[in-house]
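Single-letter residue listing:
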Amino acid sequence: MNTPFLKNKSFLYILLFIVMIAIPLITNRYWTDVASTAMFYILLALGLNIIVGYAGLLDLGYSAFFAVGSYTTGILTTQFGVSFWISIFLGAIFATVLGVLIGIPTLRLRSDYLAIVTLGFGEIIRLIANNSKFTGGASGIYGIPKPKIGSFVFQSNVLLYYLMFIFVLLAIFVIWRLGNSRVGRAWKYIREDEDAAEAMGVNGLYYKLLAYGLGAMFGGLAGSLFAVKMSAIAPESFGFMQSAMILLAVVLGGIGRISGVILGAVLVILLPEAMRSFSDWRIFLFGVLLVLTMIFRPNGLWPSKKETEEMDDPEPLKGGSKSVVS
Amino acid sequence: MSLVEVDEIELRFGGLVAVGDVSFQIEEKNVVGLIGPNGAGKTSMFNMITGFYKPTKGKIIFSGTNIVGKKPSKITQLGMARTFQNIRLFPSLTVRENVMSGMHSKTSQGIWGAVLRTAKQQKEEKEILEIANDCLSFVGIKKYAGRLAKNLPYGIQRRVEIARALATKPKLLLLDEPAAGLNLSERKELIDLILRIKEHFQLTVLLIEHDVGLVSEVADKIVVLDYGRKIAEGLPNEVLANPRVIEAYIGKDDD
Amino acid sequence: MDIFLQQVINALVVGTFYGLIALGYSMVYGIIRLLNFAHGDLFMLGAFAGFSVLSLFTGQVGFIGIGLALIVSVLVVGLIGLGVERIAYRPLIKKKSPKLNLLITAVGVSLAIEYAVMLSYGPSFRVYPIQLPNTGFHIGDVKITYIQLGIILFTILIMIFLQLFIHKSIYGKAMRSIAIDDTATSLMGIPVHRFIGLTFFMGSGLAAVAGVMDGIYYGQINFLMGFLFGLKAFTAAVIGGIGSVNGAMLGGLVLGIVETLGTVYVGGEWKDVFAFGILILFLVLKPTGLLGEAVNERV
């Protein structure tokens, strides 16, 4: 390791980790809340990144899975007295099942059709939440209890922040390992060229479904956490704008890369804070930002990986070891 | 023994017959050339064998199984690998990642293996890397392994595609116009490479080519298509002397 | 029965709006295979452009006012549509960016247009500055207002013009040939980009017409009106068969009728669920739509 200490990546990550732990201890309640919201968006963006960034499927209705997680926890904890831990588990399962159910008929479609169908689906879920009795209609569900382990209650914002932080770390771990595996590579092959992937023996439909289901699962998890954090949920939180914001988070920092996605999610939360004096401009600027990113930095703000030149074989055209012969 | 039997295959697009009633066989460990003028149905034939098009009639038997109606990924898993006429690499992935895709169908790790990094998964990952590196070495492009596929010159991209196909450890390798767009020295290297592949891996090769000269240099047998029909089949020098073939090429083709 | 027929008449009017917007989706998709996500917002812009023109009149607004509103709206929105293509889409198409990037750009354009209008006209509903008499005539017990009749007749006129333009004019022929093969068309010496621009202009103009008529018919407009309407117009385009001009109008009418009947028999709050349900069903079961042709994608 001849990298200078300060440029060493793992050092940076450790530093970031310490900062994230310290935030609620050294800042006030307001900034702890901002940091908590950032945690949601990181979790959501990591999940959507599996679908959009890894598998290259544009999902414009991701908030539907977020909603399923939220409502599962909201309804089960308030009306049936189910513990949060069971509800978050079920929320994730319901979201996954929904993802697979939507995916089976629609993932065969062309990519642009898929975008519109998922958008329509997101709206359907929001309308169902808005029009049904069991979801509390337009006013939603309130009085969602905080999670607890035994008699220990995650009452304060600081504790909830740490709870979310743990989930985010877990998600990063799982998604990072998935991304750097045979499954993750299959997703990227499909994203790059589905026909070629298929020709290499990658079952396109299966891996797209897998991406969709897993992405939905993380959406569901984030939704459950959202419900207990806010203690009240309503259909407005799950509209198209929510899906668009998560998409922006995925795109802005660096689509398909975990560090980029985290950066994007943090930016999506911090930018409005930085320009609160003209908050009306927020969404307009986000739209412009989406366009500019795609035109000038389609791989996001996070710097791209460097290409490497490797040593050639001493005798390039005569080589080939026996291990290739099956 | 024949590895592939194409049996009275027909492909229609609406009323248009792209390929009609074509039968031929590919014998094991042979290089078979499929030639014909533009629009003769070569690529359609190719896409049917690899599962990208579904023939409207007929059978394709690949090492004992009828593969008509099977998905391309399934057919690849049975031991077929292809390249594309207009190079279809994974553009923003590295050359090594591109070639690793070939090992997909020979490995099996899923979500749990990936997340838990089981011993079996680690072993598979190591194997995937090894084979990918070997294939890169074999086609002589190891030094490009860390480069993004889209940033490489055309001739190198062609080789990446061949390495990627080899990494699936196929019984049958299908090359779709591999010489298209290559210059003279690259073309010569390609002929050399095809012969080396056949020799080294004991592979069967189906070669679609516009370049009749190239085919006659490497093929053990040539099948000629014209207007979707088979007009000749046999040894290269026989076929190229066949008046119908000459007419198809010189009489009608103008490029 | 009379209630049913009355609903069908109302449905036809909504259907023509869907149809006019669907035309733009279809034309743009037909020529560059891009789903212009922001198209619904051009419809909204059309309504607001008309709003601004009509606001200039004091007292009674006559046919001249409406005519002027339509013309200005078509020109302004047409040019904006052209600008969107030039600024947002063309750089990506030129770079041969992945489709995903184009779609994301389109989402960004949509958000930018919506909130630019919100910043200029405010977030609340605006009352359309025109009062047309609600008179009409009866056929049996079914009432047709003159506004409804006017909208339907005007739409028929537009459709006839479009048919002539696409099938008889040299411009229409060029557009169709670009749709089939843009490289070959450009080799024939046809300025492909200019025709893509023309298509955007026309599609946007049609949406603007729908926007003005919508404002007059319903009497109020809002910066988010294009989102849902655009989505439904896309549904209409899919029902009719994307890429087909007649299909777009047919799809609009079918969607209008199905949706209106759904409202009557199932309940208004489920109206949108109904529309999206149809969209998903069509895409899954008959993605080529009623009048569309199957597109073979080359491997």
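Residues numbered from 1 in each chain as written. Chains lettered and ligands numbered in written order. Predicted model: local features only at pLDDT ≥ 70, side-chain atom pairs only at ≥ 80, totals over all residues. Heavy atoms only, no water.

1. Section: the sheet that holds strand β2 (residues 16-27) of chain B
All names here are of chain B. Reading across the sheet, the four strands line up as β2-β1-β4-β5 and stay open at both edges, with antiparallel pairing between neighbours. The open sheet has two edge strands with one neighbour each: β2 and β5 (65-66). Where strand β1 (residues 2-13) meets strand β4 (residues 57-62), five bridges bridge the pair, whose relative direction is antiparallel. Across the sheet, residue E10 finds its bridge partner in β4, namely K57. (Pairing = 2+ DSSP bridges. Helix = DSSP H or I, 4+ residues; strand = E, 2+ residues; numbered from the N terminus.)

2. So, the interface of chain A and chain B
Tallying the contact residues gives 46 residues for chain A and 56 residues for chain B. Regarding the contact of chain A and chain B, the summed buried area is about 4,500 Å², with carbon and sulfur atoms giving 53% of it. At the junction of chain A and chain B, the tally comes to three salt bridges. The partner of R88 of chain B in a salt bridge is D195 of chain A, and the shortest N-O contact between them spans 2.9 Å. (Contact = heavy atoms within 4.5 Å. Buried area = accessible area lost by both parts, 1.4 Å probe. Salt bridge = Lys/Arg side-chain N within 4 Å of Asp/Glu carboxyl O.)

3. Describing the confidence of the model for chain C
Residues and elements named next belong to chain C. Looking at chain C as a whole, the pLDDT averages 87, with 97% of positions reaching at least 70. The weakest mean pLDDT in chain C belongs to helix α7 (residues 182-187) at 81; the strongest belongs to helix α2 (residues 39-55) at 94. Of the regions scoring below 50 in pLDDT, residues 295-299 engages in eleven contacts with residues more than four places distant in sequence or in other chains. Taken over the whole predicted complex, pTM reads 0.89, whereas the ipTM for its chain interfaces reads 0.91. (pLDDT = per-residue confidence, 0-100.)

4. Regarding the side chain of E259 of chain C
By the secondary structure assignment, E259 of chain C is in helix α10 (residues 245-265). In contact with E259 of chain C, not counting residues within four places along its chain, are Y18, K232, K271 and A275 of chain C.

5. Considerations on a negative patch on the surface
Residues and elements named next belong to chain B. Judged by side-chain charge, E5, D7, E8 and D21 come together as a negatively charged surface patch. Inspection of the secondary structure assignment puts D7 in strand β1. Residue class for D7 comes out partly exposed when judged on its relative accessible area of 33%. (Patch = residues over 30% accessible without salt bridge, like charges linked within 9 Å, V, L, I, M, F, W, Y side chains within 5 Å. Areas by Shrake-Rupley, 256 points an atom, 1.4 Å probe, with all protein chains shown as cover. Lys, Arg positive; Asp, Glu negative; His and termini not counted. Charge placed at Lys NZ, Arg CZ, Asp CG, Glu CD. Buried < 20%, exposed > 50% of the residue type's maximum accessible area, 1.4 Å probe, protein only.)

6. Overview of unusual backbone geometry
Not every positive phi belongs to a glycine, and Q202 of chain B is a case in point at roughly 55 degrees. Overall, Q202 of chain B belongs to the partly exposed group, its relative accessible area being 47%. Of note, R33 of chain C is a non-glycine position whose phi angle comes to about 55 degrees, a positive value. Within the element layout of this structure, R33 of chain C appears in the loop between α1 (2-32) and α2. Residue R33 of chain C is classed as partly exposed on the basis of its relative accessible area of 31%.

7. Focus: the sheet that holds strand β8 (residues 204-208) of chain B
Backbone hydrogen bonds are what pair the strands of a sheet, in a parallel or an antiparallel way. Residue and element names in this part refer to chain B. The strand order across the open sheet formed by six strands is β6-β7-β8-β3-β9-β10, and the pairing between neighbours is mixed. On the outer flanks of this sheet lie β6 (80-82) and β10 (229-234), each paired with one strand and no other. Each neighbouring strand pair of the sheet contributes to a mean axis angle of 15 degrees, computed without reference to strand direction. Relative to β10, strand β9 (residues 221-226) runs antiparallel, the two being bridged by five bridges. Its bridge partner being in β10, I222 is matched across the sheet by G234. (Axes fitted to C-alpha atoms, helices over the stretch in contact; angles between N-to-C directions.)

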